[in-house]
Amino acid sequence: MVRLTKAINIHDAKTRLSKLLCRVERGEEITIARAGKPIARLVPVKPATNPRAPGKAKGLILHMGKDFDRTSKTILRDFEA
């Protein structure tokens, strides 16, 4: 869940950066403003996804048609458009 807050001015953000980062870690988004105009947003970093590991599907594909890599003209046309 993301909670949005009203904008915090730059001076307050510099003064309370550690506390603001704790709020961001809990999922909150913080907007920073200069003279009441939003200029930046502190948002939580998305967790890294697991890297793909080659060979995970080895032995799972039982049958692959001889034309599995044939490209249809329709797909090619739509892809190149």
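Residues numbered from 1 in each chain as written. Predicted model: local features only at pLDDT ≥ 70, side-chain atom pairs only at ≥ 80, totals over all residues. Heavy atoms only, no water.

(A) Seen up close, the overall build of the chain. In terms of helices and strands, the chain carries three helices and four strands. Starting at the N terminus and ending at the C terminus, the chain contains elements arranged as β-β-α-α-β-β-α. Rg of the C-alpha trace for the chain: 24 Å, well past the compact-globule value of 12 Å for 81 residues, more than 25% over. A separation threshold of at least 6 residues defines the contact pool for the chain, and within that pool the share at least 24 residues apart is 33%. (Helix = DSSP H or I, 4+ residues; strand = E, 2+ residues; numbered from the N terminus. Rg over C-alpha atoms; globule rule 2.2 N^0.38 Å. Contact = heavy atoms within 4.5 Å.)

(B) How the structure looks around the side chain of Glu28. Its location among the elements puts Glu28 in strand E3 (residues 28-34). On the basis of relative accessible area, Glu28 is assigned to the buried category, the value being 3%. A distance of 2.7 Å separates a polar atom in the side chain of Glu28 from a polar atom in the side chain of Arg23. (Buried < 20%, exposed > 50% of the residue type's maximum accessible area, 1.4 Å probe, protein only. Polar contact = N/O pair within 3.5 Å; in protein donor to acceptor, adjacent residues only side chain to side chain.)

(C) Region of the structure containing a nonpolar patch on the surface. Residues Leu60, Ile61, Met64 and Phe68 make up a contiguous nonpolar surface patch of about 470 Å² in total accessible area. Tracing the chain through its elements places Ile61 in the loop between strand E4 (37-42) and helix H3 (73-80). Taking the relative accessible area as the measure of exposure, Ile61 reaches 55% and is therefore exposed. (Patch = residues over 30% accessible without salt bridge, like charges linked within 9 Å, V, L, I, M, F, W, Y side chains within 5 Å. Areas by Shrake-Rupley, 256 points an atom, 1.4 Å probe, with all protein chains shown as cover. Salt bridge = Lys/Arg side-chain N within 4 Å of Asp/Glu carboxyl O.)

(D) Fine view of unusual backbone geometry. Positioned with a positive phi, Ala35 is a non-glycine residue whose angle comes to about 55 degrees. With respect to the helices, strands and loops of the structure, Ala35 is situated in the loop between E3 and E4. Taking relative accessible area as the criterion, Ala35 reaches 83% and is therefore assigned exposed.

The values reported here are purely geometric and, on their own, carry no functional implication.
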